[in-house]
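Below are the chains, spelled out letter by letter.
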Amino acid sequence: MDFENVYSDSSYHIFLFQGYGKITVDFVEYDFQGRTVLFSSPFQNIRITSNSIIDVDVLEFHSDFYCIEFHKKEVACNGLLFNNIYLFPQFQLSEEIFNEVSDYFSKIMKVDSQENLSASILQSYLQLILAICSKEKNKILPEGKAVQENFNELILFQNLVETHFLSNRELTFYADLLHIAPNTLSKKIKLIFNKTPSQIIQERVILEAKKQIHLTHRSIKEIAAELNFNDEFHFSKYFKKYTGVSPSFFRKAVGISPVADLDK
């Protein structure tokens, strides 16, 4: 690939671009073509590559400015655009929707941050972008014969992961519950999600860790115990291996959400 953009920081990102190439999100690779929108959450490792130079418009915001959890009902995007390990992080847009989202990107760039109500205006534009994209992604359904045949089984796998990821992270455990050979399960999961069952389980653990660090006032030691790690050291090592930063650095960079105060 001749063209490459790499991103990883404490912000949420919305990427808008056209062309053909590959997107790598935390070592999982996806193909993209045409008009594409991509979403990432803090400290996900994003790489966009192509054989030709493409213009990538990037909108980034910190949770201190716009908390996804706090505003999730307003834009209906919680678990759909960000932090969903079972859906692709990117999808293709029609020319009309792409241009509409691009127009809001341009409007945001023109807002003078020093003016009165600029924050409210920026949040309104961001809400519109999230709502439009959430509506578009909600239209996406599994396609293809192979997908349809395996979809119900994959939903069962997803439900099992949500139920048992804290207590069991072994592929054989889930394969046994589904009465299927581990290799067969791996092939089916890879076909649909473009990643292995082990990657999905790991991502679910990391997602829960990020939520606990960002959305609660619990100590790192308490979170490690909640996630069933032997101690804080092993949890920190696991978290850093996946995200590139320690849990304490993540909390310092991302901060603690206003949502955490609602649980006091």
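As the structure is a prediction and not an experimental result, all values here were calculated from the model.

Parameters and conventions
Residues numbered from 1 in each chain as written. Predicted model: local features only at pLDDT ≥ 70, side-chain atom pairs only at ≥ 80, totals over all residues. Heavy atoms only, no water. Phe/Tyr/Trp six-rings, centres within 6.5 Å; stacked < 30°, edge-to-face > 60°. Helix = DSSP H or I, 4+ residues; strand = E, 2+ residues; numbered from the N terminus. Buried < 20%, exposed > 50% of the residue type's maximum accessible area, 1.4 Å probe, protein only. Arc of directions from axis to C-beta. Contact = heavy atoms within 4.5 Å.

## Some points on the packing of aromatic side chains
Move 1: This model, assessed by the stated rule, comprises 19 aromatic pairs.
Move 2: Their ring planes at 15° and their centres at 5.5 Å tell us that tyrosine 12 and phenylalanine 61 sit as a pair that is stacked. Here the residue tyrosine 12 occupies a position in strand β2 (residues 12-25), and phenylalanine 61 occupies one in strand β5 (residues 56-61), the gap between them amounting to 49 residues. One exposure class covers both tyrosine 12 and phenylalanine 61, and it is buried.
Move 3: Seen in terms of ring centroids, tyrosine 12 and phenylalanine 82 are 5.2 Å apart; in terms of plane orientation they differ by 80°. Their pairing is edge-to-face. Remark: phenylalanine 82 occurs in the loop between α1 (72-75) and β6 (90-92) and tyrosine 12 occurs in strand β2; sequence separation between them is 70 residues. In this pair, the class of tyrosine 12 matches that of phenylalanine 82, namely buried.
Move 4: By the ring-pair criterion, three or more aromatic residues cluster together here, those being Phe43, Phe229, Phe235, Tyr238, Phe239, Phe249 and Phe250.

## Concerning helix α10 (residues 247-254)
Move 1: Within α10 the residues assigned to the buried category are Pro247, Phe250, Arg251 and Val254. Along the long axis of α10, the arc covered by the buried residues comes to 95°, so they all point the same way.
Move 2: The inward-facing, buried residues of α10 contact α7 (197-215), α8 (220-226) and α9 (232-243).
Move 3: Downstream of α10 by a residue or two, glycine 255 has a phi angle that is positive, lying close to 85°.

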